[in-house]
Structures are given as C-alpha cells and as structure tokens.
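Chain by chain, the residues:
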Amino acid sequence: MTSNDAPAGARAVTVVVLTYRRPDDLAELLPMLLEQAAGEDVVVDVLVVDNDPEGSARAFVEAVGAPSRYVHEPRPGISAARNRALDEVGHDGLLVFIDDDERPTPGWLHQMLGLHRRTAAVAVVGPVVSALPSPLDPWVEAGRFFDRRRLPTGTAIDVAATNNLLVDLRAVAAAGLRFDEAFGLSGGSDTLFTRRLAATGAPMLWCDEAVVTDVVPRDRATRSWVLHRARRSGNSGSRVSVLLADGRVRRAGVRARCVAEGGVRVAAGSARAVAGRVLRDTGHEARGRRTAERGLGMIGGAVGRVVYDYGRA
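Conventions used here
Residues numbered from 1 in each chain as written. Predicted model: local features only at pLDDT ≥ 70, side-chain atom pairs only at ≥ 80, totals over all residues. Heavy atoms only, no water. Helix = DSSP H or I, 4+ residues; strand = E, 2+ residues; numbered from the N terminus. Rg over C-alpha atoms; globule rule 2.2 N^0.38 Å. Buried < 20%, exposed > 50% of the residue type's maximum accessible area, 1.4 Å probe, protein only. Contact = heavy atoms within 4.5 Å. Lys, Arg positive; Asp, Glu negative; His and termini not counted. Charge placed at Lys NZ, Arg CZ, Asp CG, Glu CD. Core = buried A, V, L, I, M, F, W, Y, C linked by side-chain atoms within 4.5 Å. Salt bridge = Lys/Arg side-chain N within 4 Å of Asp/Glu carboxyl O. Axes fitted to C-alpha atoms, helices over the stretch in contact; angles between N-to-C directions. Parallel < 35°, antiparallel > 145°, perpendicular 65-115°, else oblique. Left-handed = near helix turned anticlockwise from the far one by under 90°. Nonpolar A, V, L, I, M, F, W, Y, C, P; charged D, E, K, R; others polar. Phe/Tyr/Trp six-rings, centres within 6.5 Å; stacked < 30°, edge-to-face > 60°. Pairing = 2+ DSSP bridges. Right-handed = clockwise from strand over helix to strand, strands pointing away.

## A look at the overall build of the protein chain
Within the protein chain one finds 10 helices and 10 strands. Relative to the 2.2 N^0.38 estimate, which gives 20 Å for 313 residues, the radius of gyration of the protein chain is 20 Å and therefore close to what a compact globule would have. Judged by the C-alpha coordinates and their principal axes, the protein chain covers about 65 × 50 × 40 Å. For the protein chain, the proportion of its 313 residues judged to be buried stands at 48%. Counting only contacts in the protein chain whose residues sit at least 6 apart along the sequence, the fraction spanning at least 24 positions is 79%. With 41 positive and 38 negative side-chain charges, the protein chain shows a separation of 9 Å between the mean positions of the two kinds.

Here it is in structure tokens:
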C-alpha cells in the first residue's frame, strides 16, 4: 500500500534480506515478501542488502521495482550488511530480518506485526523450520541437528538470531546498539546484539505462529558442516559472554567459566560418542560428537581464538 493509505500514526515496516551470491534463492523469496507486504494495512518496504563486492543482485532487484529496494554493502562480513540495514531504515520504524535462503509461511509477517502491536515488545522472534534435502545422510538424520526450538507465543527470551526477527528501531537507537563488526566473518553478532537489547529490560517475545522455512542445501546437510557449525556456535557464544562481562576481573571469571563448561562438554560429548559407537546407536554417537565440538569451540572462544563461518577468498 502507499503511505497515503496507511492508518494515522502507523509506523513504517521494512523487511530486510541480506544476500550474498544466491540469485536463485532471492528470485524465489522476493515475490513472496512482496505478496505479504501488500496484504498489510501499513507501509511495508522490502530492502535487499547485497554483500557481494560485485553487486550481483542489483539487476534482479531493480527489475522487480517498488516497493523493493536495493543497496550495495561491499565491505565483507554479515555485521557490515546488518549495520547497513540499520543505517538505511533509520531510527523510527520496525525492521524485520529474514535470510535469503528462507521462505515465509502464509501470514508470517502479519503474525510478527500483530504480536508487536499487542505487546509493544522491542523484538519479536519466530521459529525456523528446516526443509532438508533427500536422501539425508543417516548420521545427520539420527542426530536431529536441524530440529530447532519451539516456544509458546508470548514467551520472553533473551537471545535470538536475525533469521526471523522483528526489532523496534526506537529501542535500538535508544540503546545505541550496532552489530559488532569483530564478528563479521565468524557469526555471532546477532547473539551479542539481541542479548544487549534484552538487557535493556524491555520485552523480547516469541511468536510461534510466525514460521519461516530454511531451505537447507545439500552441502550443509553433512557431518563436516554440522560439526563445524557446532564449534563455531560454541566459539561465538564464549566470545559474546566475555564481551558482555564488565571489567577485567569479571571477564577473567567468565573466561574461566567458559573453559570449564567447554571442558565438561568435551568430556561428556566424547563419552557419549564412544558409547554410541559401542552400542551402535548412531544418534548418540552423532550428538556426542557435536557436543564435544561445541565444547572445543567454547574453550577456544574463551581464550581469544576465532572460528570463522563467512570467510572470503
């Protein structure tokens, strides 16, 4: 709809897609977002932030035209792209993040906006359901690594990813929040950002009806990817916890705690993996290995080592 049709006092909404060399995904996702935007009674724009130095998505997005908009952020790293989205949208409206390899289910945007209006939450977070390739590696299938959390609508949470996230930009501006670019090529800047947002005391709520589907490519449905992601997740989690601690003494304490907790995960996960092999239980073996990898990542993050997830040639 146009701004002249919007209800008095309505705040603009921008759906943001960060993309990097995924033209087929973008071609499928963008029409779905425009359809959902057209069904709302407020102004909804769709912003594509292209993090490819070559700007490969420009021609497609500009051909689609209004209300989609294209910006090019050539600085490498997902944090730079997220910050560019904040800069483009401003300090007053609502920003809704969705990944370029995801697909919104019918009513997704309406549910996100509806919960925000009813509660004035500073953030609304929805579930991500994975669509996996077939046939799937039995090891990956047994580990159930792509099963994600589901919570009752209205549940308060204190951390989220940007793969299905609405944020109130007034609250973001008031808290002076940005995505830390030290996490640009490793991932984890959204964890740090949302933990800081939740720490302001304003509600960040779950909306279980606002589902998006993550289309998992075959090269991510593998043992090596699962284990790498587990290590990276543990690594960025420790780094975020260290950064959030105030003062040298507290940070030293957090580092020690992360090393200890990581060590427990390594030991417990390794024991479970061995038991799984002895018992010929693939699920136990797979989940044990992932737990151990996450523990190793936690230890590395606590002592300043970085596991990268978005490396560029």
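## Some points on the nonpolar core
Residues V15, L33, V96, I98 and W108 are the most contacted members of the largest nonpolar core, which totals 32 residues. Counting only elements with at least two residues in this core, the list comes to β1 (13-19), α1 (23-38), β2 (44-50), β4 (94-99) and α4 (108-119). Tallying contributions element by element places α1 first for this core, with six residues. Apart from residues lying up to four places away in sequence, L33 is in contact with V15, V17, V46, I98, P104 and W108. A81, F97, V167 and F193 belong to the second-largest nonpolar core, a separate cluster that totals 28 residues.

## Brief notes about the pattern of salt bridges
What the rule picks out here adds up to 25 salt bridges. Here R84 ties to E88 by a salt bridge, and the two come within 2.9 Å at their closest N and O atoms. Of this pair, R84 and E88 both sit in helix α3 (residues 78-89), four residues apart, roughly one helical turn. With relative accessibility at 27%, the residue E88 sits in the partly exposed group. In this structure, R277 and E285 form a salt bridge, with 3.4 Å as the shortest nitrogen-oxygen distance. Through salt bridges that share partners, R69, E73, R75, R84, E88 and E181 make up one connected network.

## Focus: the packing of helix α8 (residues 223-244) against helix α9 (residues 247-279)
Contact pair α8 / α9: the axes reach a minimum separation of 8 Å and the direction vectors enclose 160°. On the basis of the axis angle, α8 is roughly antiparallel to α9. Crossing of α8 against α9: the hand is right-handed. Between α8 and α9, the contacting residues are S238, S241, V242 and L243 on the first element and R251, V254, R255, R257 and C258 on the second. Grouping the amino acids of the contact of α8 with α9 by side-chain chemistry returns four nonpolar, two polar and three charged.

## Regarding the packing of aromatic side chains
This structure, assessed with the given rule, holds four aromatic pairs. Centre to centre, the rings of W139 and F145 are 5.3 Å apart; their planes meet at 40°, and the pair counts as tilted. Given the relative accessible area of 11%, F145 is considered buried. For the ring pair F146 and W225, a centre distance of 6.1 Å and an interplane angle of 10° mean the geometry is stacked. One end of the pair, F146, is in the loop between α5 (138-143) and β8 (164-168); the other, W225, is in helix α8, with 79 residues separating them in the sequence. Judged by its relative accessible area of 11%, F146 is buried.

## Some words on the pairing of strand β3 (residues 68-72)
Most of β3 sits out of view: four of its five residues are buried. Across five bridges, β2 lies against β3 in parallel orientation. Each residue of the ladder has a partner; that of V48, found in β3, is Y70. Taken together, β2, helix α2 (residues 58-64) and β3 form a β-α-β motif whose crossover is right-handed.

## Regarding the side chain of T14
Note that T14 resides in strand β1. The contacts of T14, once residues within four sequence positions are left out, are D45, L47, V89, L94, L95 and V96.

## Some points on the sheet that holds strand β9 (residues 204-206)
Spatial strand order, β3-β2-β1-β4-β8-β6-β9: seven strands in an open sheet with mixed pairing. Edge positions in the sheet fall to β3 and β9, since each of these pairs with one other strand and no more. Taking each pair of neighbouring strands and ignoring which way they run, the sheet shows an average axis angle of 20°. Judged from the seven bridges that link them, β1 and β2 form a sheet pairing that is parallel.

## What to know about the sheet that holds strand β7 (residues 128-131)
In a beta sheet, neighbouring strands are held together by backbone hydrogen bonds and run either parallel or antiparallel to one another. A sheet is described by the order of its strands in space; here three strands give the open sequence β5-β10-β7, paired in mixed fashion. At either end of the open sheet lies a strand with only one pairing partner, and these are β5 (102-104) and β7. The mean angle between the axes of side-by-side strands here comes to 30°, regardless of whether they run parallel or antiparallel. As judged from the four bridges shared by β7 and strand β10 (residues 212-215), these two strands associate in the parallel manner. Of the residues in β10, the one forming a bridge with A131 is V215.

Nothing here speaks to function; it is geometry throughout.
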